[in-house]
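Residue-level structural notes
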Amino acid sequence: MNHIFYSEEELAFRDEVRAFCERELAPYEDEIQKTNPFRRDLLQKIAQAGYMSVHHPPEVGIGKHCGKGLVYETIVAEEISAVIAGLDMARMASATLFGKPVARFGTPEQIEKYLKPVLRGEKIGAIGITEPNVGSDTARMETHAEISKDGKGFVLNGKKYYITNGSQADFLCVFAITDNTVNPRKGMTAFIVEKTMPGFTTVKDIDLMGMAGSRVSELAFKDVFISNDQLLGGINNGFGILMDELDSERVAIAGECLGYARPALESAITYSKERIQFKRPIKDFEGINFKIADMATDFEAARLLTLKAARAYDNGERITKEAAMAKIFASEMAIRVCDQALQILGGRGYEKEHKIERYYRDARLMTMGGGTVEILRYLTQREIYKKFDGKYW
Ligand SMILES: Cc1cc2nc3c(=O)[nH]c(=O)nc-3n(C[C@H](O)[C@H](O)[C@H](O)COP(=O)(O)OP(=O)(O)OC[C@H]3O[C@@H](n4cnc5c(N)ncnc54)[C@H](O)[C@@H]3O)c2cc1C
């Protein structure tokens, strides 16, 4: 029945990405879980296959899937996350979180210099919004930049926290306050920072509960000189750039959540058919098979919300509410499904060998990253009340 929701081309693309993941990524899954390396080479393979470019136009991306849009991006996100979640987090931070603002607001020179090498997998990108003292309330960020004395650029000072790819990135899109006399929404600017710039340092990589193979870092900027040609989208336009990026990011994260839940659901179904207790497979007990029914329903509902938001975005619609709904539901669904899968496997679910604990740890991030579910509920109700004229449908 998938053909009702996905086109033949999209399903063929899913099969292609799935085969790629099995062939090129799955052999490294265990090693990455055990030793937590940052595998630039695997990110390069993903880029060379064109899976960093699906959400970018053909002029900037590489491969035959360029310009396919957000539905395709959710397919990539789901398939890679199902195998190595941390790797997709790194891919998405590079290609989408860094890549989208540069693609949409960058000059042709910036696109050439910063975006294309990232989409080819030669360079790594990151986005710097969050700070030690500033999480959900992004507008109150403390990182600031002043026009340099010679007027040729800006001097950046501050700290960023929880930056995916932070210590590994060659280029970062960093947000800073450039006018503190106005509302921060009107006084924020986006800059492209290169890792070799004097004054830019990695303070540390942060030890995480899950997402093996990723790096999430604390960064510091001390009198970093940024030339005018590294200004992204013009001075004091940063808040709009930030908001523009977040809607599509949230839908792509919902796609990742499908990827954490699916293998957990599959493992639970398989195990419940094989495990014999009281002389019968445990799937014969309603305590187990009703759980499977609920998990599958939850999973399919999350897919539909994700697909709805992605299709609307690809049609050029504003999707603040739909993106928030998709990410709330998919991120909470992934936690529920992993938790129930763990229960169905009994003690085996708690063993590392059966991987459920890993899916659970990976899934647990996404009610926070990219906007917490509390903030997303705030956005959802705000959009509902804004548009409500007596009828919801
Ligand atoms: C692994 C990881 C990777 C990340 N990657 C990046 C990245 O690449 N770049 C980047 O810039 N950031 C990144 N982040 C940061 C992420 O976006 C933030 O963690 C998130 O926005 C929340 O900020 P916070 O953690 O500081 O929580 P806080 O904002 O301090 O919130 C703490 C709690 O209070 C709640 N809360 C806050 N305000 C309200 C309110 N008004 N109403 C109700 N509840 C509220 C929150 O929902 C949350 O439950 C990453 C985070 C993690 C953990």
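Not measured: the values here are computed from a predicted model.

Thresholds, definitions, all that
Residues numbered from 1 in each chain as written. Predicted model: local features only at pLDDT ≥ 70, side-chain atom pairs only at ≥ 80, totals over all residues. Heavy atoms only, no water. UniProt positions renumbered as here; feature names shortened; annotations may be inferred. Helix = DSSP H or I, 4+ residues; strand = E, 2+ residues; numbered from the N terminus. Contact = heavy atoms within 4.5 Å. Core = buried A, V, L, I, M, F, W, Y, C linked by side-chain atoms within 4.5 Å. Buried < 20%, exposed > 50% of the residue type's maximum accessible area, 1.4 Å probe, protein only. Domains from an automatic or database assignment. Buried area = accessible area lost by both parts, 1.4 Å probe. Salt bridge = Lys/Arg side-chain N within 4 Å of Asp/Glu carboxyl O. Polar contact = N/O pair within 3.5 Å; in protein donor to acceptor, adjacent residues only side chain to side chain. Nonpolar A, V, L, I, M, F, W, Y, C, P; charged D, E, K, R; others polar. Axes fitted to C-alpha atoms, helices over the stretch in contact; angles between N-to-C directions. Parallel < 35°, antiparallel > 145°, perpendicular 65-115°, else oblique. Left-handed = near helix turned anticlockwise from the far one by under 90°. Pairing = 2+ DSSP bridges. Near = heavy atom within 4 Å. Areas by Shrake-Rupley, 256 points an atom, 1.4 Å probe, with all protein chains shown as cover.

Take the UniProt feature "domain: Acyl-CoA dehydrogenase/oxidase C-terminal" (unreviewed entry) in the protein next. On the UniProt side, "domain: Acyl-CoA dehydrogenase/oxidase C-terminal" (unreviewed entry) is annotated at positions that read residues 236-383 here. The straight-line gap between the two end C-alpha atoms of residues 236-383 is 25 Å; of that span, 77% is helix and 3% is strand.

A few words now on the environment of arginine 275. Mapped onto the elements, arginine 275 comes out in the loop between helix H7 (238-274) and strand E9 (276-277). Measuring from C-alpha to C-alpha, the distance between arginine 275 and leucine 345 comes to 8.6 Å, with 70 residues separating the pair along the chain. If sequence neighbours within four positions are ignored, arginine 275 has contacts with Arg280, Pro281, Ile282 and Arg348.

What follows deals with the nonpolar core. Membership of the largest hydrophobic core comes to 122 residues, with the highest contact counts inside it found for Leu25, Ile46, Leu156 and Phe175. It is H7 that contributes the most residues to this core, 15 residues altogether. Ignoring sequence-local partners within four residues, the contact set of leucine 156 consists of Thr143, His144, Ala145, Val174, Ala176, Val193, Phe221, Lys222, Asp223, Val224 and Ile226. Counting five residues, the second largest nonpolar core, distinct from the first, contains Ala324, Val373, Leu376 and Leu379.

With that settled, consider the domain arrangement of the protein. Under the domain assignment used here, the protein contains domain 1 (2-124), domain 2 (126-238) and domain 3 (240-387). Buried area between domain 2 and domain 3, both sides added, is near 1000 Å², and the carbon and sulfur share of it is 72%. Of all residues in domain 2, Ser136, Met209 and Met211 bury the most surface against domain 3, accounting for 49% of the area lost on that side. Summed over the shared surface of domain 2 and domain 3, the number is zero salt bridges. Our count for the domain 2 to domain 3 interface comes out at seven residue pairs in polar contact (both at pLDDT 80 or more). Residue composition of the side of domain 2 that touches domain 3, by class: nine nonpolar, six polar and no charged.

Okay, the packing of helix H5 (residues 85-105) against H7 next. As a packed pair, H5 and H7 sit with axes 10 Å apart at the nearest point and diverge in direction by 155 degrees. Relative to H7, the element H5 is oriented roughly antiparallel. Taken as a pair, H5 and H7 cross one another with a handedness that is right-handed. Together, Ala85, Asp88, Met89, Met92, Thr96, Leu97, Pro101, Arg104 and Phe105 of H5 and Ile241, Asp244, Glu245, Glu249, Ala252, Ile253, Glu256 and Tyr260 of H7 make up the contact between the two elements.

This next bit is on the UniProt feature "domain: Acyl-CoA dehydrogenase/oxidase N-terminal" (unreviewed entry) in the protein. UniProt's entry tags residues 7-122 with the feature "domain: Acyl-CoA dehydrogenase/oxidase N-terminal" (unreviewed entry), counted in the numbering of this structure. Taken end to end, residues 7-122 is 70% helix and 0% strand, and its two terminal C-alpha atoms sit 32 Å from one another.

Tracing the sequence through the fold places leucine 172 in strand E4 (residues 171-177). For the pair leucine 172 and glutamate 109, spaced 63 residues apart in sequence, the C-alpha to C-alpha distance is 16 Å. Each residue touching leucine 172, except ones within four places of it in the same chain, is listed here: Phe98, Ala126, Ile163, Phe191, Ile192, Val193, Phe200 and Leu219.

This brings us to the pairing of E4. With seven of seven residues buried, E4 is to be regarded as a mostly interior element. Because side chains alternate across E4, one face comprises the buried residues Phe171, Cys173, Phe175 and Ile177, and the other comprises Leu172, Val174 and Ala176, equally buried. Bridge count between strand E1 (residues 125-128) and E4: four bridges; the pairing is parallel. By the bridge assignment, glycine 125 is partnered in E4 with phenylalanine 171. Bridge count between E4 and strand E5 (residues 188-194): seven bridges; the pairing is antiparallel. In the strand pairing of E5, phenylalanine 175 is matched with alanine 190.

Right, let's talk about the site of the ligand for a bit. Taken together, 16 residues form the shell around the ligand, and within it Thr130, Ser136, Tyr162, Thr372 and Glu374 come nearest. Between isoleucine 129 and the ligand, the recorded distance is 2.9 Å, taken from a backbone N or O atom to an oxygen atom. Side-chain polar atom of threonine 372 to an oxygen atom of the ligand: 2.6 Å apart, as the coordinates give it. Calculation on the ligand without its partners gives an accessible area of 970 Å², and the protein chains cover 62% of this total. Those elements that place two or more of their residues in the shell around the ligand are E1, strand E3 (153-164) and helix H12 (373-387). A per-element tally of the shell around the ligand places E3 first, with three residues. Three or more residues apiece are contributed to the shell around the ligand by two domains, here domain 2 (126-238) and domain 3 (240-387).

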